[in-house]
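Summary of the model geometry
Spelled out from the first residue to the last, the chains are:
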Protein chains: 4
Amino acid sequence: MIFETIKSEGLAHFSYFVGSVNEAIVIDPRRDCQVYIDIVQREGMIIKNIFETHRNEDYVIGSLELSHFTGAKTHHGPGLAFKYGETLEEGQEFYFGKLKLTAIHTPGHTDESMSYALADLDASEEPVIAFTGDALFIGDVGRTDLYGPKEAPKMAENLYNSIFKKILPLGDGVILCPAHGAGSVCGGAISEREQSTLGLERGLNPILQKKKKEFIEFKLSEHHERPPYFGKMEQYNLEGPPILGHLPNPSPLLPAEFQKHIKLGALVVDTRTPPAFGGAHIKGSYSIWLNRLPLYAGWILPYDKPILLVLEDMRNLETAVRYLIRLGYDRIAGYLHDGIAAWSKKAFPVEHLDLLTVQELKKRLDRGDDLIVLDIREKGKWHDGHIKGALHIYAGHLQQRLDEIPEDRSIVVTCNAGNHASLAASILRQEGYREIYNLLGGMTAWQNAGYNVTK
Amino acid sequence: MIFETIKSEGLAHFSYFVGSVNEAIVIDPRRDCQVYIDIVQREGMIIKNIFETHRNEDYVIGSLELSHFTGAKTHHGPGLAFKYGETLEEGQEFYFGKLKLTAIHTPGHTDESMSYALADLDASEEPVIAFTGDALFIGDVGRTDLYGPKEAPKMAENLYNSIFKKILPLGDGVILCPAHGAGSVCGGAISEREQSTLGLERGLNPILQKKKKEFIEFKLSEHHERPPYFGKMEQYNLEGPPILGHLPNPSPLLPAEFQKHIKLGALVVDTRTPPAFGGAHIKGSYSIWLNRLPLYAGWILPYDKPILLVLEDMRNLETAVRYLIRLGYDRIAGYLHDGIAAWSKKAFPVEHLDLLTVQELKKRLDRGDDLIVLDIREKGKWHDGHIKGALHIYAGHLQQRLDEIPEDRSIVVTCNAGNHASLAASILRQEGYREIYNLLGGMTAWQNAGYNVTK
Amino acid sequence: MIFETIKSEGLAHFSYFVGSVNEAIVIDPRRDCQVYIDIVQREGMIIKNIFETHRNEDYVIGSLELSHFTGAKTHHGPGLAFKYGETLEEGQEFYFGKLKLTAIHTPGHTDESMSYALADLDASEEPVIAFTGDALFIGDVGRTDLYGPKEAPKMAENLYNSIFKKILPLGDGVILCPAHGAGSVCGGAISEREQSTLGLERGLNPILQKKKKEFIEFKLSEHHERPPYFGKMEQYNLEGPPILGHLPNPSPLLPAEFQKHIKLGALVVDTRTPPAFGGAHIKGSYSIWLNRLPLYAGWILPYDKPILLVLEDMRNLETAVRYLIRLGYDRIAGYLHDGIAAWSKKAFPVEHLDLLTVQELKKRLDRGDDLIVLDIREKGKWHDGHIKGALHIYAGHLQQRLDEIPEDRSIVVTCNAGNHASLAASILRQEGYREIYNLLGGMTAWQNAGYNVTK
Amino acid sequence: MIFETIKSEGLAHFSYFVGSVNEAIVIDPRRDCQVYIDIVQREGMIIKNIFETHRNEDYVIGSLELSHFTGAKTHHGPGLAFKYGETLEEGQEFYFGKLKLTAIHTPGHTDESMSYALADLDASEEPVIAFTGDALFIGDVGRTDLYGPKEAPKMAENLYNSIFKKILPLGDGVILCPAHGAGSVCGGAISEREQSTLGLERGLNPILQKKKKEFIEFKLSEHHERPPYFGKMEQYNLEGPPILGHLPNPSPLLPAEFQKHIKLGALVVDTRTPPAFGGAHIKGSYSIWLNRLPLYAGWILPYDKPILLVLEDMRNLETAVRYLIRLGYDRIAGYLHDGIAAWSKKAFPVEHLDLLTVQELKKRLDRGDDLIVLDIREKGKWHDGHIKGALHIYAGHLQQRLDEIPEDRSIVVTCNAGNHASLAASILRQEGYREIYNLLGGMTAWQNAGYNVTK
């Protein structure tokens, strides 16, 4: 038996490859699917079936792409009019090699959500591994707000029932394989540990310690953001996204060529770290550090404009491309050849964005400088403690609430650690704000420096 | 938390790397230990501690080698006079990153056998993973015969107590990480599945279904072979093996150079498949297919003679070298440049070893040809069913029992699938037997062809 | 300036990647063209142009495939009605980065053959590298027999003029980059050294030491074989072969599935070494050792039947697939899962093919055994010396001349080293010959053993 | 014949591997020598001999390290009391495989400088490749100033004679393989093209167009810098450097641990790009962008203090380590775990270094701001054109000439493109200068913006 977890960084998405003898299946494949083909070639197997745990809203599913290369059949849960693949029935069984996979309908996160139980027929018919999609995570459970507040109570109840009546009864010793790990937008409290079992979750998962009523109340009290790209993902994952065939190969553009693309309407995404962006960047560019691309791109990048990339190191190009196509951004016009150094040697327009240390901010606040601290963190974090007198606008709502931010004042943007603030600051720059600072180390540094917060 | 299983093929040995933040530990490192260094470099960690589950008898432990490169401390169980590392106390705790490892003395396989329980302090103090060494495997338990028949009842009882009183009580949801998988000489019935939990073993492991008395009786009834190299491993793993520094680089030898080494006493190990060995091989060479090198080499290769290799493909050299140094065979004089083709082009002495199909054997037996079927499988397999009239000598005892094999008869050697028989046939050849055949596909083919066996 | 030689083993085909700043060109790309895309991604370049030196007859050109991924334009020499790409004019210049490539019409091997001169504009307009296709090799020149004996004198004269009036005048210091190295079917005497200059060839290439008349006479006296697949290559390279998109992924087939494909008409190609094939092989299979697949496959495999592979090691699958698709064999039905061992364990029909050492053959010939030595080497080799009394039929003509080989005699097949003979022997087996032997080490061994040959 | 150029980036150092059949040699191996061992393992060879072209002054030679792993013999030119290896005689010949290497004494760069001519015995005894060390480069020749101004005329004459009487006579068609490419400190005008021949150099190399007298005058007029680390290299390469055994594995240090090392005297080298360093860096650190580490480290880093690294991306660690050990900096105490982001989240002391665009500088100069432009380029570049009123101090002499730089003025540091200036600025910061700016894009940007320079 070959078992591999394929982790897509940034999205913190887990997909699974399971094979036995010469047959294999894949759970929730990602769109850049060569990774599964590499495994079957290494192991001498064919992929017979692809199983989706649900219509994902946070990334483009790779079922159609993987099917295109392998001929594998795709299977979905019931209740949605998918334009590709086949609908599963409760308890439907699939045999491959010496293994058996059984489909279990576990609604709650979405109506068509499925879990799957894997049995090793060499040992017994009993399940040994459970794939739980977005129903049950390690240390957390799936969000139940996606159908809106009206449906939320019912969704939460469904999820409770799915977990307590269908998943946990599979047995304490069953290994847990969820669809996401720590850092996903699909759960705020997922553990950094990626190994667990149903027994460990029954005992240690804080949400599973609640009674049904508490569980539902807790789920209704949670606040999750919903980035605008979710709509595109839902459409793609229902109808089937375009087949890529291979990863896009963006062109290396000399500064003059790059500038030409900008003039024709392409958007510049600068994937360097916030200090590098702060030191020097192309006017009008978005600051999205490479590691945060999967989290922030979907909030600000439209689907109808080509994207241009600025990279710290050309070797990061492939990573940036993977991150973008996983979110359906397939139009990547090119990247800046030799990076920002080439641009500055040409004396093309460059801007700075100053970073303020927490010590500098403290000093300025203490002496009463006329500045606004703009806190762009999620609501929950803001409520846990913020700098006295700060203005709170969630980063994702910035463009809608610009009128609340005065243009004639110095603005210090802060987030948890300085990455999201760099993006927010770059947006404000594009909107004409000139006196913008990014708080280096964000609220983490502020608190580590021992400065006060208010709640 | 970074968790990786490092599997050493052939030995079916599992070692484990566990890291958190910038600190890591390794359980039972193998001797070719660059693999752990690669992980710490990729992940940005240092290895603080190395834990041995017991003094291994089937391979050279890599603790000293890994310590040499990393400065990590090594820890052993109590009761043996190890010449390196430190002795653990029951319940001793080790903190690294956000994790805690607790030492648990679990004698039975050997007296100093240790298990280790890992807790994720982000979640709780409760164990989430158990490293059980050779105490508890997936589908099997450790062998208890190593101290001889007199000690065996006590060892079996110790093992029962270790498993039922110390390991299983850690909880059904705890993930199981043993020291070996299917194919190891340390357990005959280990599952091919490499994922399990204490709960799954409690329910599915056939040996754990037995009561204490049955358990002990069963363990005493088992028969395990003990290859001669175990003694060398026990000495190395007590005193510490020589530091390699890097993998040996055997020289590519032209046929004339290769022949010179043979004349000086080096042993030739032909790692090609049995059909290739059968087709043409260097006179006097041992037939040990590359994949079986970790299993068979320790039975026949002495430690005081240099080894020469014949390879199917030069790219297999590194694998062969790894297999040999894991067993302490560090004197590899060289390999045949351009392989057997170069040798035959020089018209140097070459021999054949005919392979017989089961159909051919059946025909010869039916017509009463004067031949001996020599079955070299383990006792258990022989008792399960063999060809009527066959002679049984276990491969490992062949050289001691040559007088039972007449030299003037045709001998058809058979094993499970034809690999071990090829080695046995090559040994008989060296002893002067001329009419030797290897049964292609072995007893597996015989039975698949529908021919009878007797018990 | 980035300069890389991409060598396709087996075909001994060289293609070239040349880039400067962010622009690059490729000369004679191969069909499995990811290798060029990997370079541009690593170096930060785009491929602007693809140049063919001629319509190749020995492999499928990758221009169309590479164009499909990169949008690069393809350029051919004049005089053939290519269905893709553009026709070059003598002296046409192409600028990319700081480099310039100039097209030079150099007919002789074929009418539309082109060479290309590269200048480094940083240094001067003078050429520094010459790409000479199949006109001039290291130690040899291109064959001039492809248009038939009637055209051959004119082709040879053209080649002489192309080399002496167009290529050599580029300058002694110019680096030579031909389309093939040692082992190609396009030249019999190409050097094993892969570095040369026009000056070195002018001085050392034996054919360039001849006067024009001698040169033409020598070319007319040469004998080259013309494998049947050349026709298919010429058609593909004129009209454009099918786009692959990605390497085919042949399925791993269990023995029963494999057998089913055989019954449906698929051909079995056993890519193991001759000794392994000799030891045990599937009845009816062709013996073509992996390393010889590019040379022998085009002689015997038809284009209308699916191909099944037997591999020594699954990791060789990709190599086998590359070798086949480079010759246009895109229908690869699958490969035998777990190889010949799986097949024999199922007790499916297996045959032997005995290998004879030269010593054994000598003994049999000396004692007057009734056997035929069948020498299947090329005419030239045969004339250089063969075993007295041997029958000569070139391997490529075997199937047409079967009536010359008696069915009731023992036949010992010999070639240079034993690889080609294994294929010939496997063909004879398929034709019903039973007493077939492959001479181990071939005529090389025979002569190394000191035995006589006649001329 | 296997021929590979091993290029060490940064140093622009070329070493060469040449092999035939199963024997190989290496010319000028680098210290991180696993690369050669990988080739012999892939190709099935052993390294018999190592040849040094001279006692290198710009990097630690790897002969002793490679000998340690392979047992190969090392050979030097005559006249220096090397403490390892053997001294060559003029015309001494070495045979390996089917090749021959001949030693040729070619003094001029240094007295013991050697060249080597390679012949392919399959073709003839004539040379096909010349390894010319630091005597003849592509587009340039070796520096002749290393023995001081008194010896320089004789050295230049020696070099002329070596090139014109020994190297060029080998033949126009001979391929040229020098010890350095573009970017080396051993030659200022070496071509970016890495392919050449003696014929091409005879015709295109500007220095070889000069008559003897002009040649010597030109060499005497050249100005080359001599970094302080040259002395250490000369000592190491005469006596033999310490054996590393393997690349150092610097520890990942949490911010508090990192700070502790700083307090104990370790030096911080920040290898991020100048904009990133400018945005935020640890107080007291040196700014040396990774790609410039081989060029700048030897100017400022002492050999008696441990080094701490700040990296943009942990994956660059190995590159940084290689760069440092090639210069003999073996004491690398560790690197900052999770980089500058971790440091700032801890609110540890961070500084900025503002980057000025050329437009901003122009504006300030035009309006008469009180600032000093400090030009730190090499003398030659300064003479070619600089900003009016600028102060010139070569970067390498900065610490000796601090008294010329007023502490109470704004200082804008400029170099060619902004990288070297970042280092200079970071040094001034350490010396207490507060108002320091790095000119973004340097003089390249200034001139591309169309602003005036004076000479």
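Quantities reported herein were computed from a predicted structural model and do not represent experimental measurements.

Here we come to the overall build of chain A. Of the regular secondary structure elements, chain A holds 15 helices and 23 strands. Taken against the 2.2 N^0.38 rule, which gives 23 Å for 455 residues, the C-alpha radius of gyration of chain A at 24 Å falls within 12% of a compact globule. Projected onto its principal axes, the C-alpha coordinates of chain A cover approximately 70 × 50 × 35 Å. The buried share of chain A, reckoned over its 455 residues, is 61%. Considering only residue pairs separated by 6 or more positions, chain A has 68% of its internal contacts joining residues 24 or more positions apart.

Taken in spatial order, the five strands of this open sheet run β12-β17-β16-β13-β15 (chain B), and their pairing is parallel. Each edge of the open sheet is held by one strand with a lone partner, namely β12 (251-253) and β15 (286-287) of chain B.

The next point concerns the relation of the copies chain B and chain C. Once chain B has been moved 0.0 Å along the axis and rotated by 180 degrees, it coincides with chain C to within an RMSD of 0.0 Å. Both copies of the chain, as the preceding transformation shows, are related through a two-fold rotation axis. The position closest to the rotation axis in chain B is occupied by the C-alpha of A276 of chain B, lying 1.8 Å away. When you check the interface residues of chain B against chain C, 100% turn up at the interface there too, and the contact is symmetric in its surfaces.

What follows covers the interface of chain B and chain C. The partner chain C presents 31 residues to the 31 residues of chain B that form the contact. Together, the buried faces of chain B and chain C total about 2200 Å²; carbon and sulfur atoms form 57% of this surface. At the junction of chain B with chain C, the criterion picks out zero salt bridges. The tally of links from chain B across to chain C stands at 14 residue pairs in polar contact (both at pLDDT 80 or more).

Its rotation angle being 180 degrees, the transformation that places chain D on chain A also includes 0.0 Å of axial translation and leaves an RMSD of 0.0 Å. Of the residues that chain D buries at the interface, 100% are likewise interface residues in chain A, meaning the two copies contact each other through the same surface.

Let us look at the interface of chain D and chain A. At the interface, 31 residues of chain D touch 31 residues of chain A. Roughly 2200 Å² is buried in total at the junction of chain D and chain A, and carbon and sulfur atoms are behind 57% of that figure. Put simply, chain D and chain A have zero salt bridges between them. Run the count over chain D and chain A and you get 14 residue pairs in polar contact (both at pLDDT 80 or more). Every element with two or more residues in the side of chain D that touches chain A is listed here: α8 (274-279), α11 (339-345), β19 (354-356), α12 (358-366) and α15 (442-448) of chain D. Looking at the side of chain D that touches chain A, its residues break down into 13 nonpolar, 10 polar and eight charged.

Okay, the sheet that holds strand β16 (residues 307-310) of chain C next. Sheet strands pair by backbone hydrogen bonding; their relative direction is either parallel or antiparallel. Residues and elements named next belong to chain C. Spatially, the five strands line up as an open sheet ordered β12-β17-β16-β13-β15, and their pairing is parallel. The strands lining the two open edges of the sheet, one partner per strand, are β12 (251-253) and β15 (286-287). Inspection of the sheet shows β12 paired to strand β17 (residues 332-336) by three bridges, in the parallel sense. Paired with L253 across the strands is L336, a residue of β17. Of the strands in this sheet, β16 and β17 are in contact with helix α10 (residues 317-326), which crosses β16 at around 145 degrees.

Attention now moves to the pattern of salt bridges. Taken as a whole, this structure holds 124 salt bridges over all chains when the rule is applied. Ionic pairing is found between E125 of chain A and K100 of chain A, a salt bridge with its closest N-O pair at 2.6 Å. Of this pair, E125 of chain A sits in the loop between β9 (114-120) and β10 (127-133) while K100 of chain A sits in strand β8 (residues 99-105), and the two are 25 residues apart along the sequence. For E125 of chain A, a relative accessible area of 49% translates into the label partly exposed. Across the pair K212 of chain B and E157 of chain B runs a salt bridge whose closest N-O atoms are separated by 3.4 Å. Here K212 of chain B, found in helix α5 (residues 212-221), pairs with E157 of chain B, found in helix α3 (residues 152-167); they are 55 residues apart in sequence, far enough to count as distant.

So, about a negative patch on the surface. A cluster of like negative charges, contributed by D354 and E435 of chain A together with D354 and E435 of chain D, occupies part of the molecular surface. When its relative accessible area of 35% is taken as the criterion, D354 of chain A is described as partly exposed.

Before going further, it helps to examine the state of the cysteines. Under the definition given, this model contains zero disulfides over all chains. Take C177 of chain B: it sits in no disulfide, and the sulfur closest to it among the cysteines is that of C177 of chain A, at 13 Å.

In this section: the confidence of the model for chain A. Per-residue confidence for chain A gives a mean pLDDT of 96; residues scoring 70 or more make up 100%. The ipTM, which scores confidence in the relative placement of chains, is 0.95 for this predicted complex, and the corresponding pTM is 0.96.

What follows concerns the pairing of strand β22 (residues 410-414) of chain C. Residues and elements named next belong to chain C. With five of five residues buried, β22 is to be regarded as a mostly interior element. Residue alternation in β22 divides its side chains into two sets, S410, V412 and T414 and I411 and V413, and both sets are buried. Pairing analysis gives five bridges linking strand β20 (residues 371-375) to β22, with the strands arranged parallel. In the sheet register, V373 faces β22, and the bridge partner there is V412. Pairing geometry for β22 and strand β23 (residues 436-439), over three bridges, is parallel. Within β23, the residue paired with V413 across the bridge is N438. In this region the chain leaves β22, passes through helix α14 (residues 419-430) and returns to the parallel neighbour β23; the handedness of that crossover is right-handed.

Bringing the environment of P275 of chain B into the picture now. Looking at the secondary structure, you find P275 of chain B in helix α8 (residues 274-279). A residue is classified by how much of its surface remains accessible, and P275 of chain B, at 6% relative accessible area, is buried. Put simply, P275 of chain B and G418 of chain B are 143 residues apart on the chain and 9.3 Å apart in space, counted from C-alpha to C-alpha. Excluding residues that lie within four positions of it along the chain, P275 of chain B makes contacts with L355 of chain B together with R272, P275, A276, G279, A280 and I340 of chain C.

Once that is clear, we can look at the packing of aromatic side chains. Counted according to the given criterion, the structure contains 56 aromatic pairs over all chains. Pairing F51 of chain A with F94 of chain A gives two aromatic rings, centres 4.8 Å apart and planes at 75 degrees, and the pair type is edge-to-face. Taken together, the residues F51 of chain A in strand β4 (residues 46-51) and F94 of chain A in strand β7 (residues 93-96) connect sequence positions 43 residues apart. We note that F51 of chain A, like F94 of chain A, is buried. With a centroid separation of 5.1 Å and 75 degrees between ring planes, the pair formed by Y160 of chain C and F215 of chain C is classed as edge-to-face. With Y160 of chain C in helix α3 (residues 152-167) and F215 of chain C in helix α5 (residues 212-221), the pair connects residues that are 55 residues apart, well separated along the chain. The exposure class assigned to Y160 of chain C is buried, which follows from its relative accessible area of 14%.

Here the focus is unusual backbone geometry. Located in the positive-phi region is V21 of chain B, a residue other than glycine, with phi close to 50 degrees. Mapped onto the fold, V21 of chain B is located in the loop between β2 (13-20) and β3 (23-27). Backbone geometry places D338 of chain D, a non-glycine residue, at a positive phi of 65 degrees. Counting through the fold element by element, D338 of chain D comes out in the loop between β17 (332-336) and α11.

If you check which residues of helix α3 (residues 152-167) of chain D are buried, you get A152, M155, A156, N158, L159, Y160, N161, S162, I163 and I167 of chain D. Packing partners of the buried residues in α3 of chain D comprise β9 (114-120), β10 (127-133), α4 (198-204) and α5 (212-221) of chain D.

Another point: empty space enclosed by the protein. Over the atoms a probe the size of a water molecule is rolled, and this reveals where empty space is left. Residue and element names in this part refer to chain B. Within the structure shown, the criterion is met by 10 cavities of 30 Å³ or more. What lines the largest cavity is Y296, W299, I300, Y394, A395, G396, L398, Q399, H420, L423, A424 and I427. Those elements that provide at least two residues to the lining of the largest cavity are α9 (293-300) and α14 (419-430). With four residues, α14 is the largest single contributor of residues to the lining of the largest cavity. Residue composition of the lining of the largest cavity, by class: nine nonpolar, three polar and no charged.

Residues and elements named next belong to chain A. Going residue by residue along strand β23 (residues 436-439), you find I436 and N438 tucked away on one face and Y437 and L439 tucked away on the opposite face as well. The pairing of strand β19 (residues 354-356) with β23 spans three bridges and is parallel. Its bridge partner lying in β23, L355 is registered against N438.

Conventions used here
- Residues numbered from 1 in each chain as written.
- Chains lettered and ligands numbered in written order.
- Predicted model: local features only at pLDDT ≥ 70, side-chain atom pairs only at ≥ 80, totals over all residues.
- Heavy atoms only, no water.
- Helix = DSSP H or I, 4+ residues; strand = E, 2+ residues; numbered from the N terminus.
- Rg over C-alpha atoms; globule rule 2.2 N^0.38 Å.
- Buried < 20%, exposed > 50% of the residue type's maximum accessible area, 1.4 Å probe, protein only.
- Contact = heavy atoms within 4.5 Å.
- Pairing = 2+ DSSP bridges.
- Least-squares fit on C-alpha atoms with pLDDT ≥ 70 in both.
- Buried area = accessible area lost by both parts, 1.4 Å probe.
- Salt bridge = Lys/Arg side-chain N within 4 Å of Asp/Glu carboxyl O.
- Polar contact = N/O pair within 3.5 Å; in protein donor to acceptor, adjacent residues only side chain to side chain.
- Nonpolar A, V, L, I, M, F, W, Y, C, P; charged D, E, K, R; others polar.
- Axes fitted to C-alpha atoms, helices over the stretch in contact; angles between N-to-C directions.
- Patch = residues over 30% accessible without salt bridge, like charges linked within 9 Å, V, L, I, M, F, W, Y side chains within 5 Å.
- Areas by Shrake-Rupley, 256 points an atom, 1.4 Å probe, with all protein chains shown as cover.
- Lys, Arg positive; Asp, Glu negative; His and termini not counted.
- Charge placed at Lys NZ, Arg CZ, Asp CG, Glu CD.
- Disulfide = S-S within 2.5 Å.
- pLDDT = per-residue confidence, 0-100.
- Right-handed = clockwise from strand over helix to strand, strands pointing away.
- Phe/Tyr/Trp six-rings, centres within 6.5 Å; stacked < 30°, edge-to-face > 60°.
- 1 Å grid on protein atoms, 1.4 Å probe; cavity = no way out; pocket = protein on both sides within 12 Å on 5 of 7 lines; lining within 4 Å.
- Points joined across faces, edges and corners; volume = space filled by probe spheres on them.

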